Amino acid sequence: MFQGSIVALITPFRDGQLDEAALLRLVEWHIEQGTHGIVPVGTTGESPTLSHDEHCRVVELVVKQVAGRVPVIAGAGSNNPVEAIEYTRFAEQAGADGTLHVAGYYNRPNQEGLYHHFKAVHDATTKPIIVYNIPPRAIVDVQPATLARLAELPRIVGVKDATGDLARPWTERQLIKKPFAWLSGEDATAVAYNIGGGQGCISVTANVAPRLLAEVQNLTLAGEWQAARELQDRLIPLHQAMFAEPSPAGAKYAVSLLGLCSEECRLPVMPLCEATKLRIRDAMVALNLL
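Per-chain numbering applies: the sequence of each chain, read as written, is numbered from 1 onward. In view of the model being predicted, local features appear only for residues whose pLDDT reaches at least 70, and side-chain atom pairs are presented and counted only at 80 or more, with totals across whole chains, interfaces and linings using the full set of residues. Hydrogen atoms and water are omitted, and side-chain values are computed over all heavy atoms in the structure.

As a reminder, the rule being used: UniProt positions are given in the numbering used here, feature names are shortened, and annotations may be inferred rather than shown by experiment.
The chain has the name 4-hydroxy-tetrahydrodipicolinate synthase in an unreviewed UniProt entry, where Aeromonas bivalvium is given as its organism. One UniProt comment on the chain, placed under Function (unreviewed entry), says "Catalyzes the condensation of (S)-aspartate-beta-semialdehyde [(S)-ASA] and pyruvate to 4-hydroxy-tetrahydrodipicolinate (HTPA)." Word for word, the UniProt comment on the chain under Catalytic activity (unreviewed entry) is "L-aspartate 4-semialdehyde + pyruvate = (2S,4S)-4-hydroxy-2,3,4,5-tetrahydrodipicolinate + H2O + H(+)".

In structure tokens, the structure reads:
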């Protein structure tokens, strides 16, 4: 089972190119800081603007650097199932522990189409699959009944839930009886999501404050809800600052302040305005990150 604080890892660039040295530094830092798992080449990793070769190279480097110390769930999603299968098979060969799959954006399938998209990927591969449900970006919503149907497939083992609907884990747990990983896809609601039965978060803010995000998840997994709420209260300004402008500009700027990589993003994500930079810096200072 995947659980805890799983970082949606940024992809560092320098002068328009993949910064491999910085990527390896980031992976090592996350393991040292207690991050429970790593998702390379997700949306926060700017997968829409990576070339095919860059996508595969990031997965390859991350898996090799992690060397089995924490799970690696490689982003492999696409609205094209042929491409999704290709990326999933590469992740398998590279040694990833599982893959993360979004579907539906732009071509907007119905629930039957979503089911058959994920089933096609499932049937073509052998590693565990996490379904990424994010209606604000993908337009379509993997409804609870569809997720339960997908969960009947042996290698569909969890969901990254970015619906914002905190009733979802309660509803889905009525329908899914096998061991299943309910993972939040929203930092600000991650503690509340875990109360409903979640076991972790695929986190943007973990790029910046991995030790604190791991601590929050450890507290919820131990049932220490009051302590988790108090720490989440302290983290909320940082969570909010991460999304003041299009992500991952906020996360990359914050990590640049830590000296781990540059703040460089690819178009169409733009550099942050000075007011947002100040907001992020202030939130980091308040948490003793700077």
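1. Some points on the pattern of salt bridges
Keep this limit in mind: Salt bridge criterion: a side-chain nitrogen from Lys or Arg within 4 Å of a carboxyl oxygen from Asp or Glu. Counting from the N terminus, the helices are the DSSP runs of H or I reaching at least four residues and the strands are the DSSP runs of E reaching at least two. Here the term buried applies to any residue with accessible area under 20% of the maximum for its type, exposed to any over 50%, and partly exposed to those in between, with areas from a 1.4 Å probe on protein chains only.
Applying the stated criterion to the full structure yields 12 salt bridges. Notably, a salt bridge pairs Glu46 with Lys252, separated by 2.5 Å at the nearest N-O pair. Placement of the pair is Glu46 in the loop between strand 4 (37-39) and helix 2 (52-66) and Lys252 in helix 11 (residues 249-257), with a sequence separation of 206 residues. Each member of the pair, Glu46 as well as Lys252, is classed as buried.

2. Points about a nonpolar patch on the surface
Selection rule: Like-charged residues within 9 Å of one another, or nonpolar side chains (Val, Leu, Ile, Met, Phe, Trp, Tyr) within 5 Å, are grouped into patches, provided each residue has over 30% relative accessible area and no salt bridge. Throughout, the Shrake-Rupley method with a 1.4 Å probe supplies accessible areas, and for residues the shown protein chains are the sole cover considered.
Taken together, the side chains of Trp170, Ile195 and Trp225 make up a nonpolar region of the molecular surface, amounting to roughly 320 Å² of accessible area. Within the fold, Ile195 resides in helix 8 (residues 190-195).

3. Describing the nonpolar core
Where a protein is soluble and globular, its nonpolar side chains tend to be buried together. For the record, the criterion: Residues enter a nonpolar core if they are buried and are Ala, Val, Leu, Ile, Met, Phe, Trp, Tyr or Cys, with the set joined through side-chain atoms within 4.5 Å. Residue contacts are defined here by distance: any two heavy atoms, one from each residue, within 4.5 Å place the two residues in contact.
Core analysis: the biggest nonpolar cluster contains 54 residues, and Leu9, Ile38, Val62, Val66, Leu238 and Ile280 have the highest contact counts within it. Mapped by element, the contributors of at least two residues to this core are helix 1 (20-33), helix 2, helix 9 (210-221), helix 10 (225-242), helix 11 and helix 12 (274-286). Sequence-distant contacts of Ile280, that is, excluding residues within four places in its chain, are made with Ala241, Met242, Gly250, Tyr253, Ala254 and Leu272.

4. As for the sheet that holds strand 4
Selection criterion: Between any two strands, at least two bridges found by DSSP are needed for them to pair. Interaxial angles span 0 to 180 degrees and are taken between N-to-C directions of axes, which are lines fitted to C-alpha atoms, for helices over the stretch in contact.
An order of 4-1-10-9-8-7-6-5 is seen for the eight strands of this open sheet, with the pairing classed as parallel. Both outer strands of the open sheet, strand 4 and strand 5 (73-75), are each paired with one neighbouring strand and no more. Within this sheet the neighbouring strands show an average axis-to-axis angle of 25°, counted without direction. In the packing of helix 7 (residues 168-175) onto the sheet, the strands contacted are strand 7 (129-133), strand 8 (156-161) and strand 9 (181-184), and the crossing angle to strand 9 comes to about 165°.

5. Topic: the state of the cysteines
The cut-off we apply is this: In plain terms, two cysteine sulfur atoms within 2.5 Å form what is called a disulfide here.
Taken as a whole and judged by the stated rule, the model has zero disulfides. Of all cysteine sulfurs in the structure, the one in Cys265 sits closest to Cys201, which takes part in no disulfide; the separation is 20 Å.

6. Observations concerning helix 4 (residues 111-124)
To be explicit about the condition: Take the residue count of a helix, subtract one, and multiply by 1.5 Å to get its expected span. To be clear, the arc concerns the directions from the helix axis to the C-beta atoms. Within 3.5 Å is the distance limit for a polar contact, defined as a pair of N or O atoms, with the added protein rule that one can donate a hydrogen and the other accept it, and that residues adjacent in sequence qualify only through two side-chain atoms.
Under the 1.5 Å per step criterion, the end-to-end length of helix 4 is 20 Å for 14 residues, consistent within 8% with the ideal 20 Å. For helix 4, the full list of buried residues reads Leu114, Tyr115, His117, Phe118, Val121 and His122. One side of helix 4 holds all its buried residues, which, seen down the axis, span an arc of 160°. Looking at the buried positions of helix 4, the neighbouring elements they touch are helix 3 (81-94), strand 6 (98-101), strand 7, helix 6 (144-151) and strand 8. At the N-terminal boundary of helix 4, the capping side chain belongs to Asn110, with an oxygen 3.2 Å from the backbone nitrogen of Glu112.

7. With respect to the packing of aromatic side chains
Put simply, the rule reads: Each aromatic pair joins two rings of Phe, Tyr and Trp (for Trp, the six-membered one) with centres within 6.5 Å, and gets the label stacked for planes under 30 degrees apart, edge-to-face for over 60, and tilted for any other angle. A ring has a charge above it when a Lys NZ or an Arg CZ is no more than 6 Å from the ring centre and no more than 35 degrees off the ring normal.
Applying the stated criterion to the full structure yields one aromatic pair. Here Phe180 and Trp182 contribute two aromatic rings whose centre-to-centre distance is 4.9 Å and whose plane-to-plane angle is 65°, an arrangement assigned as edge-to-face. In this structure, Phe180 and Trp182 share a single accessibility class: buried. Looking at Arg149, its charged tip hangs above the ring of Tyr115, at a distance of 3.7 Å from the centre. It is Lys160 that lies over the ring of Tyr132; its NZ or CZ is 4.0 Å from the centre.

8. Considerations on empty space enclosed by the protein
Spelled out, the test is: The distinction between a cavity and a pocket rests on a 1 Å grid over the protein atoms alone: a 1.4 Å probe fits inside a cavity but cannot get out, while a pocket stays open yet meets protein on both sides within 12 Å along at least five of seven lines, and a residue with an atom within 4 Å of a point counts as lining. Grid points are joined across faces, edges and corners, and a volume is the space filled by probe spheres set on the points. Residues are sorted three ways: Asp, Glu, Lys and Arg are charged, Ala, Val, Leu, Ile, Met, Phe, Trp, Tyr, Cys and Pro are nonpolar, and all the rest, Gly among them, are polar.
By the definition in use, this model includes two cavities of 30 Å³ or more. Roughly 40 Å³ of volume is contained in the largest cavity. For the largest cavity, the full set of lining residues is Asp161, Thr163, Gly164, Asp165, Leu166, Ser184, Glu186, Thr189 and Tyr193. Among the residues forming the lining of the largest cavity, the class breakdown is two nonpolar, four polar and three charged.

9. Topic: helix 1
The terminal C-alpha atoms of helix 1, which comprises 14 residues, lie 20 Å apart, in line with the 20 Å expected from a rise of 1.5 Å per residue. Burial in helix 1 covers these residues: Ala22, Leu23, Leu26, Val27, Trp29, His30, Ile31 and Gln33. The inward-facing, buried residues of helix 1 contact strand 1 (4-8), strand 4, helix 2, helix 9 and helix 11. Positioned one or two residues after helix 1, Gly34 has a phi angle of 95°, which is positive.

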